[in-house]
There are 2 protein chains.
Amino acid sequence: MKNPPALEHLVESLRCLPGVGPKSALRMAYHLLQRDRAGAASLASALQTALNQIGHCSLCNNFSEEPVCPLCSKGNRDPSLLCVVEMPTDLLMLEQTHTYHGMYFVLMGRLSPLDGVGPREIHLDRLLKRAQDGIVEEIILATNYTVEGEATAHYVSELLKARGLKVSRIARGLPMGGEIEHVDSGTLAQAMMERRAIK
Amino acid sequence: MKNPPALEHLVESLRCLPGVGPKSALRMAYHLLQRDRAGAASLASALQTALNQIGHCSLCNNFSEEPVCPLCSKGNRDPSLLCVVEMPTDLLMLEQTHTYHGMYFVLMGRLSPLDGVGPREIHLDRLLKRAQDGIVEEIILATNYTVEGEATAHYVSELLKARGLKVSRIARGLPMGGEIEHVDSGTLAQAMMERRAIK
């Protein structure tokens, strides 16, 4: 005696979501089929739409529905500054401070060898190419002040300095172990303004 | 500055999953788009398939791909016994004890007025009709021994006894406050065998 195959398959598929184990997946499947079929249909179509429409901006590597994202194609940003962040959320947080008007590069992760995330997974080849376009004058590393964020900043700065580029790091205004996503705008703005050159 | 619309829509849609708030939804969306596009595609199609194929068995009310589920259409079950459970998982747990060979009725929930779950939401009209088919001789209430499960059992037993039906309750072998889903098979089997008539 088992659940119907289509239900078992749904439970199995829900486990691709991060942090969802067998019990949660079963609870989710029951909930969707029993109480929220409209939500399930909408989720199915949202997934399909997102998969079809969302790629990466060829300049900043952020999620984008166009080959070049709206921020990169805006004419009013300072092209001599390139700010490197781990995740799209970090970019949105920095934009909310209204203190930075340069360009971005989104790594979509951080170096984490134990999880199989190396230089290639965070697109460092594309970052190097982007940083050497002849227009960028300073690369600001705005990775988190966590162990992995720090290691990533160190690794990236070595690569960039070896190519004669000016590299800086946002100030340690945020608390140690803290993450950009959770800090208040004021602290974040100060950290951006007090960035220091990496010698 | 916002995320692309298709991404925002996906985040919004993921929130129909129980226990998923705005931050988790964003993390899930990033994970799917960045690291598991195959998983996302498979989830979209599993949702669609489940919605198309899974309805409820017209006899036991369990999830089923056919009008009458495999268990109800099997000829080798005792049609004089009807066991009432809250959720499909409870049915599967009881089947695993191999001590019960009658039929089932799955409420798909429990009475919980504060959550808007009343007699109609747990399909008591269908249960009453099912119990009065002239073949069922005893209805065994196997709802959880939680406050809500007990209240449901009490309510259902009053309804059934008023119609002259014999009603029993699985023995309180499981610990108070415990849920059928989490108990071991041995305890559950004993509770099933020691069921007592509701006077």
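These numbers were taken from a predicted model, which means no experiment stands behind them.

Undergrad: Hey, could you go over the overall build of chain A for me, with residue numbers and the actual values?
TA: Helices and strands together make up the secondary structure of chain A, namely eight helices and seven strands. Scored against the burial criterion, the 199 residues of chain A give a buried share of 53%. Partitioning the contacts of chain A with sequence separation of at least 6, the portion at a separation of at least 24 is 56%.

Undergrad: Go over the interface of chain B and chain A, please, and point to the residues and values.
TA: In this complex, chain B contributes 59 residues to the contact, which on the side of chain A involves 59 residues. Carbon and sulfur atoms supply 69% of the area buried between chain B and chain A, which totals about 5,300 Å² over both sides. Of all the elements in the fold, those that place two or more residues in the side of chain B that touches chain A are α1 (5–14), α2 (22–35), α3 (37–53), β1 (55–56), β2 (63–64) and α5 (88–96) of chain B. For the side of chain B that touches chain A, the element with the highest residue contribution is α3 of chain B, accounting for 14 residues.

Undergrad: Outline the domain arrangement of chain A, supporting the account with residue identities and numerical values.
TA: What the domain assignment reports for chain A is domain 1 (5–53) and domain 2 (56–169). Of note, the centres of domain 1 of chain A and domain 2 of chain A, computed from C-alpha atoms alone, are 33 Å apart.

Undergrad: Describe the pattern of salt bridges, with residues and values.
TA: All names here are of chain A. The tally for this structure, following the rule as stated, stands at twelve salt bridges over all chains. Arg77 is the partner of Glu95 in a salt bridge, and the nearest nitrogen-oxygen pair spans 2.9 Å. Within this pair, whereas Glu95 is found in helix α5 (residues 88–96), its partner Arg77 is found in the loop between α4 (70–73) and β3 (78–85), the two being separated by 18 residues in sequence. Like Glu95, the residue Arg77 is buried in the burial classification.

Undergrad: Mind laying out the packing of aromatic side chains, listing which residues take part and the relevant values?
TA: Residue and element names in this part refer to chain A. Scanning the entire structure with this criterion turns up four aromatic pairs over all chains. With centroids separated by 5.2 Å and ring planes inclined at 65°, the aromatic side chains of Tyr100 and Tyr104 adopt a geometry described as edge-to-face. The pair formed by Tyr100 and Tyr104 is uniform in burial state, with each residue classed as buried.

Undergrad: Which residues make up the side chain of Glu138 of chain A, and what are the values?
TA: Mapped onto the fold, Glu138 of chain A is located in strand β5 (residues 138–142). At 2.7 Å, the side chain of Glu138 of chain A and the side chain of Ser168 of chain A are in polar contact.

Undergrad: Can you explain the relation of the copies chain B and chain A? Please cite residues and give values.
TA: Least-squares fitting of chain B to chain A yields an RMSD of 0.0 Å, with the transformation described by 0.0 Å of translation along the axis and a rotation of 180°. In the structure described here, the two chain copies are related by an operation that fits a two-fold rotation axis. Proximity to the rotation axis, assessed at the C-alpha, singles out Ala44 of chain B in chain B; its C-alpha lies 2.1 Å from the axis. Comparing interface residues between copies, 100% of those in chain B also sit at the interface in chain A, which points to an isologous, same-surface contact.

Undergrad: I'd love a proper account of the environment of Val167 of chain B, names of residues and values included.
TA: Relative to the elements of secondary structure, Val167 of chain B occurs in strand β6 (residues 166–169). It is 45 Å that separates the C-alpha atoms of Val167 of chain B and Ser24 of chain B, two residues lying 143 residues apart in sequence.

Undergrad: Can you break down the environment of Thr146 of chain A residue by residue, with the values?
TA: Residues and elements named next belong to chain A. Note on placement: Thr146 falls in the loop between β5 and α7 (147–162). In this structure Thr146 comes out as buried when scored by relative accessible area, which is 16%. Linking Thr146 and Glu179, residues 33 residues apart in sequence, is a C-alpha distance of 7.1 Å. For Thr146, the side chain forms a polar contact with the main-chain nitrogen of Gly149, separated by 3.1 Å.

Undergrad: Can you tell me about α1 of chain B, naming the residues and giving the values?
TA: Residue and element names in this part refer to chain B. Within α1, burial applies to Ala6, Leu7, Leu10, Val11, Ser13 and Leu14. The buried residues of α1 all sit within an arc of 165° when viewed along its axis, so they share a single face. Turned more than 90 degrees away from the buried face of α1, the exposed residues are Pro5 and Glu12.

Undergrad: Can you lay out the state of the cysteines for me, pointing to particular residues and giving the numbers?
TA: This model, assessed by the stated rule, comprises zero disulfides over all chains. Cysteine Cys72 of chain A remains unbridged, with the sulfur of Cys60 of chain A as its closest cysteine sulfur at 3.8 Å. There is no disulfide at Cys69 of chain B, and the cysteine sulfur nearest it, in Cys60 of chain B, is 3.6 Å away.

Undergrad: Break down α5 of chain A for me, citing the residues and quoting the values.
TA: Residue and element names in this part refer to chain A. Most of α5 sits inside the fold, with eight of its nine residues counted as buried. Of all the positions in α5, only Pro88, Thr89, Asp90, Leu91, Leu92, Met93, Leu94 and Glu95 are classed as buried. A positive backbone phi angle near 55° is found at His98, which sits one or two residues after α5.

Undergrad: For the pairing of strand β4 (residues 102–106) of chain B, give the residues involved together with the corresponding values.
TA: Residue and element names in this part refer to chain B. Within β4, five of the five residues are buried, leaving the element largely enclosed by the surrounding structure. For strand β3 (residues 78–85) and β4, the ladder comprises five bridges, and the chain directions are parallel. Directly across from Cys83, in β4, lies its bridge partner Tyr104.

Undergrad: Got a sec to walk through the pairing of β3 of chain B? Specific residues and values, please.
TA: All names here are of chain B. Counting buried positions along β3 yields six of eight residues, so the element is predominantly enclosed. Between the parallel elements β3 and β4, the chain passes through α5 in a crossover that is right-handed. With four bridges joining them, β3 and strand β5 (residues 138–141) adopt parallel strand pairing. In the sheet register, Cys83 faces β5, and the bridge partner there is Ile140.

So, how was this worked out
- Once a new chain begins, its residue numbering starts again from 1 and follows that chain's sequence as written.
- Here the convention is simple: chains get letters from A, ligands get numbers from 1, in the order in which they are written.
- With pLDDT at 70 or above as the cut-off, local features in this predicted model cover only qualifying residues; side-chain atom pairs require 80 or more to be listed or tallied, and sums for whole chains, interfaces and linings still use all residues.
- Water and hydrogen atoms were dropped before computing side-chain values, which therefore reflect all heavy atoms in the structure.
- Numbering of helices and strands starts at the N terminus; helices are DSSP runs of H or I of at least 4 residues and strands are runs of E of at least 2.
- Exposure categories follow from relative accessible area, calculated using a 1.4 Å probe and restricted to protein chains: below 20% of the type maximum is buried, above 50% is exposed, and the middle band is partly exposed.
- Contacts were defined at the residue level, with two residues in contact if any of their heavy atoms lie within 4.5 Å.
- Here's the idea: put two parts together, see how much 1.4 Å probe accessible area each one loses, and the total over both is what we call buried area.
- Throughout, the edges of the domains are those of an automatic or database domain assignment.
- Salt bridges are counted wherever a side-chain nitrogen of Lys or Arg sits within 4 Å of a carboxyl oxygen of Asp or Glu.
- Any two rings among Phe, Tyr and Trp, with Trp reduced to its six-membered ring, count as a pair given centres within 6.5 Å; such a pair is stacked if its planes are under 30 degrees apart, edge-to-face if over 60, and tilted if neither.
- Throughout this description, a polar contact denotes any pair of N or O atoms lying within 3.5 Å of each other; where both atoms belong to protein, one of them has to be capable of donating a hydrogen while the other can accept it, and for residues adjacent in sequence the pair is counted only when both atoms sit in side chains.
- Copies are brought into register by a least-squares superposition over C-alpha atoms of residues with pLDDT of at least 70 in both.
- Our arc is simply the arc of the directions from the helix axis toward the C-beta atoms.
- Criterion for a disulfide: a pair of cysteine sulfur atoms within 2.5 Å.
- Only strands that DSSP links by at least two bridges are regarded as paired with each other.
- When the strands point away from the viewer and the connection leading from the first strand across the helix to the second strand turns clockwise, the crossover is called right-handed.

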